[in-house]
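# Summary of structural features
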Amino acid sequence: RVWQTAKDTGDRLTQQGDILMVPDFDFVGPVLSISNRTGQSIVGFGGAFTEASALVFNRLSRSQQQQVIEDYFGPSGNRYTLGRVHINSCDFSKRNYAFDDVDGDYELKHFDDDLTHDTKTIIPFIKKALEALRQQGRRLQLLASPWSPPAWMKTNGQMDHSLRPCLREEAHAAWAA
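Judged by side-chain polarity, Phe-25, Phe-27 and Val-31 come together as a nonpolar surface patch covering roughly 370 Å² of accessible area. Residue classification places Phe-25 among the exposed residues on the basis of a relative accessible area of 56%.

As structure tokens, this is what we get:
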């Protein structure tokens, strides 16, 4: 399926006609050959749940929210079953934040296990996707990955930008936890 969103058009996650994929030029380089041999399994497809996408989602009307959930997770949509979630802020956040902003807290005693920052934005968005999949007898799998260490763990003292090395030597164990 091909879906399109384009500026200055009526296309907002609009399903397009099927396209025929044909070679259009001679290619020299690595080629992925697909065979009947098994190995790794595809467990699903999906996208990222970011603070920016959640903020936009939350501003939509209830019917628009339902349409977005259907378009991404529903049986007539993309049928996504995977989602990536950022730990701490990312490039798609309103501002930088970390779940442990206490300088020198290498034992992470002040880590916010409640994920307070995300409870009003990202988590409700994820729960709506989760419920839509649950109603279809399917499940949502999430991969949570950090975008940046807290500023106090970094050599430049900022969540944005990185020097080499990025991580302070004494922060390695805490960051790996």
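Membership of the largest hydrophobic core comes to 17 residues, with the highest contact counts inside it found for Phe-49, Ile-69, Phe-73, Ile-122 and Leu-140. Those elements that place two or more of their residues in this core are helix H1 (51–59), helix H2 (62–73) and helix H3 (122–135). Among the elements that take part in this core, H3 stands out by supplying six residues, more than any other. Ignoring any residue separated from it by four or fewer positions in sequence, one finds Phe-49 in contact with Phe-73, Gly-83, Arg-84, Val-85, His-86, Ile-122, Phe-125, Ile-126, Ala-129, Leu-140 and Leu-142. Core analysis: the next-biggest nonpolar cluster, separate from the first, contains five residues, Trp-152, Met-153, Leu-167 and Ala-174 among them.

This part covers H3. With 14 residues, H3 extends 20 Å from end C-alpha to end C-alpha; this agrees with the ideal 20 Å at 1.5 Å per step. Among the residues making up H3, those that are buried are Ile-122, Phe-125, Ile-126, Ala-129, Ala-132 and Leu-133. The buried residues of H3 occupy an angular sector of 120 degrees when projected down its axis, which confines them to one face. Along H3, exposed side chains directed more than 90 degrees from the buried face belong to Lys-127 and Gln-135. Contact partners of the buried residues in H3: strand S3 (46–49), H1, H2, strand S4 (82–87) and strand S5 (141–146).

Bringing the pattern of salt bridges into the picture now. Close approach of charged atoms lets side chains of opposite charge pair. Considering all chains together, one arrives at three salt bridges under this definition. When the shortest N-O distance is used, the salt bridge between Glu-107 and Lys-109 registers 3.3 Å. In this structure, Glu-107 and Lys-109 share a single accessibility class: exposed. Taking the shortest distance from any N to any O, the salt bridge between Arg-134 and Glu-131 comes out at 3.4 Å. With Arg-134 and Glu-131 both in helix H3 and three residues apart, the pair spans about one turn of that helix.

Reading guide: rules and limits
- Residues numbered from 1 in each chain as written.
- Predicted model: local features only at pLDDT ≥ 70, side-chain atom pairs only at ≥ 80, totals over all residues.
- Heavy atoms only, no water.
- Patch = residues over 30% accessible without salt bridge, like charges linked within 9 Å, V, L, I, M, F, W, Y side chains within 5 Å.
- Areas by Shrake-Rupley, 256 points an atom, 1.4 Å probe, with all protein chains shown as cover.
- Salt bridge = Lys/Arg side-chain N within 4 Å of Asp/Glu carboxyl O.
- Buried < 20%, exposed > 50% of the residue type's maximum accessible area, 1.4 Å probe, protein only.
- Core = buried A, V, L, I, M, F, W, Y, C linked by side-chain atoms within 4.5 Å.
- Helix = DSSP H or I, 4+ residues; strand = E, 2+ residues; numbered from the N terminus.
- Contact = heavy atoms within 4.5 Å.
- Expected span 1.5 Å × (residues − 1).
- Arc of directions from axis to C-beta.

Honestly, it's all geometry; don't read function into it.
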